[in-house]
Every structure is written in structure tokens, then in C-alpha cells.
Amino acid sequence: ALQSHTKHFKVAANTATRTGDVVVGSSSWSEWVKGEVKTSSGHVVVETGETNKGSSGDLLLQTGSSSSGEVGAITLSAGMSETGSGGRVEVSGGHPSNERGGTVSVLSGVGDMQSGDVVVSSTDSGKAKSGNVFIATGESSEESTGSVFISSGSSKDSSTQFTGSSASVRAGDV
């Protein structure tokens with residue numbers, strides 16, 4: 001049960017131009033009476049319940065729709081550290097014991113004029129070395145491993161005015 005009387009579950013007031021924000025969080029080390037500088041903050045877990053023979057429920061995270069304005073973004077981001085390593089952001093499919101593992105799909109939005117882009121990139125890092133980008137299949141001890149496919153889509157325009165785009169792999173400049 002949510003304890004709305006604590007400041008770790010906050011609902012802001014509605015205004016004439018926007019409904020109130022909802023914030024769910026764990027305590028900061030400085031909010032705890034016996035907290036020390038090295039005290040870690042607690043986890044925030046959102047999960048569906050377990051089931052024996054049935055399917056467990058879905059977890060849906062989405063922004064609301066808009067008939068004419070811009071739709072809100074969803075950002076998954078690990079926190080920043082001045083001296084430690086950055087946190088990981090991990091997305092993984094389910095891990096069944098006897099069946100195929102869950103699929104992870106990253107899809108762009110479909111628009112009437114153009115679909116959105118899907119970008120897989122390490123961020124610019126200024127003077128330091130930028131991070132690597134890995135595209136790989138997993139290893140297998142008993143079966144063949146999966147394939148890696150990089151391709152551009154086909155054009156379905158019957159007038160042949162448009163063609164499928166190219167796919168290219170290029171190393172960076174030195």
C-alpha cells in the first residue's frame with residue numbers, strides 16, 4: 001500500500017494548464033536520522049505479482065496521448081556520480097527455465113509522414129574516450145548461436161519512384 005502521508009509519494013496540485021505531477025521515491029541518506037555520508041538510498045521496485053500456472057500481469061509505462069500537442073517522453077536514466085562509475089541501464093527479456101527467452105524490441109513510433117528514428121550510440125564524451133557500441137548474439141554451449149542482421153527496409157511504392165535505402169558500416173576517422 002502506498003503511504004501518501006510521507007514525502008516519498010507526492011501528488012502535486014492541478015493547475016489550469018497542467019495536472020499535478022506524481023513522484024514516488026525512496027529516502028535520501030540525509031533524510032534518515034542515523035544516515036551517514038556513505039549510506040545508500042533504497043530501491044524503488046514496481047512489479048506485478050507472481051503466479052503459479054497463469055500468466056503474470058503486464059507492466060505498462062506510457063505517457064498520455066494528445067490530440068494536437070506533443071506527447072511526453074519517457075526517459076530511463078541512471079544517476080550521476082562525481083567520483084564513481086555511472087550506473088547501468090539494463091533492459092532484458094524474461095528468463096524461463098525450459099522455453100525460449102523473452103524478446104527485447106526497440107521500435108520507433110509510426111507517423112503518417114515518417115516513422116521515428118532508432119538510435120544506438122554511445123554519447124559524446126568531450127576529451128575522454130567515448131564508449132563502445134556492441135551488437136552481438138549470445139554464446140551457446142549446445143546449439144547454434146543467433147545471427148546478426150543489419151538491413152534497411154524495402155519501399156512498398158509500386159510507382160518505383162522510391163527505392164530501399166542502403167545499409168553501411170563505417171569506421172570512424174582518426
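Okay, so let's go over this structure. This one's a predicted model, so the numbers in the text were calculated from it and none came from an experiment.

A look at the overall build of the protein
Thinking step 1. Across its full length, the protein carries 0 helices and 2 strands.
Thinking step 2. Counting over 174 residues, the protein shows a buried share of 2%.
Thinking step 3. In the protein, 1% of the contacts between residues at least 6 apart in sequence involve partners at least 24 apart.
Thinking step 4. Looking at the protein as shown, the accessible area adds up to about 17100 Å², and 48% of this sits on carbon and sulfur atoms.

Considering the pattern of salt bridges
Thinking step 1. Across all of its chains, the model carries 2 salt bridges by this definition.
Thinking step 2. Salt-bridge contacts for Arg18 lead to Asp21; the nearest nitrogen and oxygen are separated by 2.7 Å.
Thinking step 3. Looking at Arg18, the relative accessible area reads 52%, which means it is exposed.
Thinking step 4. For Asp21, a relative accessible area of 40% puts it in the partly exposed group.

About the thresholds
Residues numbered from 1 in each chain as written. Predicted model: local features only at pLDDT ≥ 70, side-chain atom pairs only at ≥ 80, totals over all residues. Heavy atoms only, no water. Helix = DSSP H or I, 4+ residues; strand = E, 2+ residues; numbered from the N terminus. Buried < 20%, exposed > 50% of the residue type's maximum accessible area, 1.4 Å probe, protein only. Contact = heavy atoms within 4.5 Å. Areas by Shrake-Rupley, 256 points an atom, 1.4 Å probe, with all protein chains shown as cover. Salt bridge = Lys/Arg side-chain N within 4 Å of Asp/Glu carboxyl O.

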